[in-house]
There are 2 protein chains.
Amino acid sequence: MNHCFVDRDALPLPTWLEAFPRARVMRREQLGLLPSGEPVVLWVRLRSGETLDSAMPPAALAAWQLLVLLADEPDDEVVADALGRGASGCCNTHAAPEVLQQVALVVGNGGLWVGQSLLRRLVGGTSRALAARSERPPRVDWSTVLSEREVQVARLVAGGASNREVADQLSITERTVKAHLSAIFEKLGLRDRLQLSLRINGVQV
Amino acid sequence: MNHCFVDRDALPLPTWLEAFPRARVMRREQLGLLPSGEPVVLWVRLRSGETLDSAMPPAALAAWQLLVLLADEPDDEVVADALGRGASGCCNTHAAPEVLQQVALVVGNGGLWVGQSLLRRLVGGTSRALAARSERPPRVDWSTVLSEREVQVARLVAGGASNREVADQLSITERTVKAHLSAIFEKLGLRDRLQLSLRINGVQV
DNA sequence: ACATCAACTGTACTTTGGTTCAATAGGCGC
DNA sequence: GCGCCTATTGAACCAAAGTACAGTTGATGT
């Protein structure tokens, strides 16, 4: 099975090549250049805020093409939309190589790969995960309630950065990072950065 | 991971024991006899025409219990219902041992196992030709290098629990939790619990 | 002009997380 | 028996995270 990563630029993440050393990487505009006929998995990256339409023309996929969505910020709507359009799966853009290989195996065999949180919700009803969380505050759409700066901080923290790292990256004081984080926790009703990460990465409701 | 098959009678199918030679088999009424605390996958058999209610009292599962439905006649409604109630998967009662092992692996790592037909219908998308999922279970590397206890700690922490909460849940000291965490970080080459969460949830490295 | 809000920073503080010294006890292989 | 590993815990410690209270600046709207 061949693999082809499609992104805005032709710059692959290290993890991609680690998972598939012989993978091809191309820009979205170059999609037509793909040699037709041989089976291939198209890994289409969707950056923050993008929709599938913007990244992939609504043209139907060829029969020999399998599509997997690589989402920077997994969002149920986007994932469901993609699957509805024939995609075979969706996972995090920064997923580990082993995860990518798992996805490829499932997809390559005609299977579907869907994140757990989405699956739970598709199935509907109360899951154990939800039941465990005794009282649940109404879910807030984090990206809209947060200010622009807060969103930046939230993304970095959710990706595993320390306060110091966030501060350096945004050229502000560590103290300011803390201030933003406190505001974020307050607005989203979260306890700490780990929960923030779970929320933003779509792991938890 | 322990396995326990629950049926009307305590008569296991050969395939079950072939998949898990050390599995426990019990009648539904004996469910309360399970030693609590140690993680276990409950394989609950649902015979033709039965509903989940009849086989399993609606009592909530304990945190250390994972439930997989074994359906004599897999029916989308029953499966959806089971998943909605917190089950981690569903497969055919007479599934091959290899399939059972695959399911166990996925479920044991916190995943969900759902049949393809149901998944497609839940998603409600296009009908891509589906081939049989030939071989290969999705497997993760972290769960093999960690000891059983460490896996328990890792899961809870990755889910957002504090050290105190993990300690209470596992009935050990907060100090011990820290010890386990240090070992986990060391083995996986991680920095802190956030990175552990990203790793376990398949988001990162 | 005034109110409001986002962004930013400081000092001081409490809490949590994580590490570094230990140490004890049980299981398992050689 | 003797290592080796796992699980467990203690005391002490440092670093990081998070909170409380207080303040400046600039943009924006009424």
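Small disclaimer: the values here were computed from a predicted structure and weren't measured.

Assigned secondary structure in chain A consists of 11 helices and 5 strands. Within chain A, residue pairs in contact and separated by at least 24 positions form 58% of the contacts whose partners lie at least 6 positions apart.

To continue, consider the sheet that holds strand β1 (residues 2-7) of chain A. All names here are of chain A. If you trace the 5 strands from one edge of the open sheet to the other, you get β2-β1-β3-β4-β5, paired in parallel fashion. Either end of the sheet is taken by a strand with one partner, and the two such strands are β2 (24-27) and β5 (89-92). Averaged over all neighbouring strand pairs, the angle between strand axes comes to 25°, with direction disregarded. Pairing between β1 and strand β3 (residues 40-46): 5 bridges, direction parallel. Across the sheet, residue Phe 5 finds its bridge partner in β3, namely Trp 43.

Right, let's get into the protein's contact with DNA strand D. DNA strand D sits among 18 residues. The nearest are A:Asp192, B:Ser147, B:Arg149, B:Ile172 and B:Thr176. Within the residue set of the surface near DNA strand D, elements represented by two or more residues are α9 (163-170) and α10 (174-188) of chain A together with α7 (148-158) and α9 (174-188) of chain B. Here the surface near DNA strand D is composed, by residue class, of 4 nonpolar, 6 polar and 8 charged.

All names here are of chain B. Relative orientation of the contacting elements α7 and helix α10 (residues 193-200) amounts to 100°, with a least axis distance of 8 Å. Taken together, the axis directions place α7 and α10 in an arrangement best described as roughly perpendicular. Contacts between α7 and α10 involve Ala 154, Arg 155, Val 157 and Ala 158 from the former and Arg 193, Leu 196, Ser 197 and Ile 200 from the latter. The residue inventory of the contact of α7 with α10, partitioned by class, reads 5 nonpolar, 1 polar and 2 charged.

Looking now at the protein's contact with DNA strand C. The environment of DNA strand C is made up of 18 residues, and the closest members are A:Ser147, A:Arg149, A:Ile172, A:Thr176 and B:Asp192. Per-element accounting of the surface near DNA strand C gives the leading share, 4 residues, to α9(B). Looking at side-chain class alone, the surface near DNA strand C contains 4 nonpolar, 6 polar and 8 charged residues.

Moving on: helix α8 (residues 148-158) of chain A. Residues and elements named next belong to chain A. Every buried residue of α8 is listed here: Val 153, Ala 154, Val 157 and Ala 158. End-on, the buried residues of α8 take up no more than an arc of 125°, which puts them together on one face. Taken together, the buried residues of α8 touch α7 (142-145), α9, α10 and α11 (193-200). A positive phi of about 110° marks Gly 160, the residue just after α8.

Residue and element names in this part refer to chain B. Reading across from one edge, β2-β1-β3-β4-β5 is the order of the 5 strands in this open sheet, with parallel pairing throughout. The sheet is open, and its two edges are formed by β2 (24-27) and β5 (89-92), each paired on a single side. On average, adjacent strands in this sheet sit at an angle of 25° to one another, irrespective of strand direction. Pairing of strand β4 (residues 65-71) with β5, which is carried by 4 bridges, proceeds in the parallel orientation. Across the sheet, Leu 69 pairs through a bridge with Cys 90, a residue of β5.

Turning our eyes to something else, we now look at the nonpolar core. Counting 36 residues, the largest nonpolar core has A:Val44, A:Val68, A:Leu69 and A:Cys90 as its most contacted members. Grouped together as the second largest cluster of nonpolar side chains are 31 residues, B:Leu66, B:Leu83, B:Val103 and B:Val107 included.

The next subject is the pairing of strand β1 (residues 2-7) of chain B. All names here are of chain B. Two elements, β1 and β2, share 4 bridges in a ladder whose sense is parallel. Pairing of Val 6 across the sheet is with Met 26, part of β2. Tracing the backbone out of β1, into helix α1 (residues 14-19) and back to the parallel element β2 gives a crossover that is right-handed.

Glancing now at the packing of α7(B) against α9(B). Residue and element names in this part refer to chain B. Remark: α7 packs on α9, axes separated minimally by 10 Å, with the N-to-C direction vectors making an angle of 95°. In terms of orientation, α7 lies roughly perpendicular with respect to α9. Contact residues: α7 offers Arg 149, Glu 150, Val 153, Ala 154 and Val 157, while α9 offers Val 177, His 180, Leu 181, Ala 183 and Ile 184.

Residue and element names in this part refer to chain A. One non-glycine residue with positive phi stands out, namely Ser 171, at about 60°. Within the secondary structure, Ser 171 sits in the loop between α9 and α10. Judged by the 6 C-beta atoms lying within 10 Å of it, Ser 171 falls in the exposed class.

The subject of this paragraph is the confidence of the model for chain A. When the pLDDT values of chain A are averaged, the result is 77; 77% of them are 70 or greater. Overall, residues 124-137 of chain A carries pLDDT values under 50, and its contacts beyond four positions in sequence, including any with other chains, amount to 15 contacts.

Position of A:Val145 relative to the elements: it lies in helix α7. Overall, the presence of 12 C-beta atoms within 10 Å leaves A:Val145 in the exposed class.

Moving on, we get to the environment of B:Leu11. Residues and elements named next belong to chain B. Within the secondary structure layout, Leu 11 lies in the loop between β1 and α1. Owing to 10 C-beta atoms within 10 Å, Leu 11 belongs among the exposed residues under this scheme. Taking the C-alpha atoms as reference points, Leu 11 and Val 25, 14 residues apart in sequence, are found 7.2 Å from one another.

Conventions used here
Residues numbered from 1 in each chain as written. Chains lettered and ligands numbered in written order. Predicted model: local features only at pLDDT ≥ 70, side-chain atom pairs only at ≥ 80, totals over all residues. Helix = DSSP H or I, 4+ residues; strand = E, 2+ residues; numbered from the N terminus. Contact = placed C-beta atoms within 7 Å. Pairing = 2+ DSSP bridges. Axes fitted to C-alpha atoms, helices over the stretch in contact; angles between N-to-C directions. Near = placed C-beta within 6 Å. Nonpolar A, V, L, I, M, F, W, Y, C, P; charged D, E, K, R; others polar. Parallel < 35°, antiparallel > 145°, perpendicular 65-115°, else oblique. Buried ≥ 20, exposed ≤ 12 C-beta atoms within 10 Å, placed from the backbone. Arc of directions from axis to C-beta. Core = buried A, V, L, I, M, F, W, Y, C linked by C-beta atoms within 7 Å. Right-handed = clockwise from strand over helix to strand, strands pointing away. pLDDT = per-residue confidence, 0-100.

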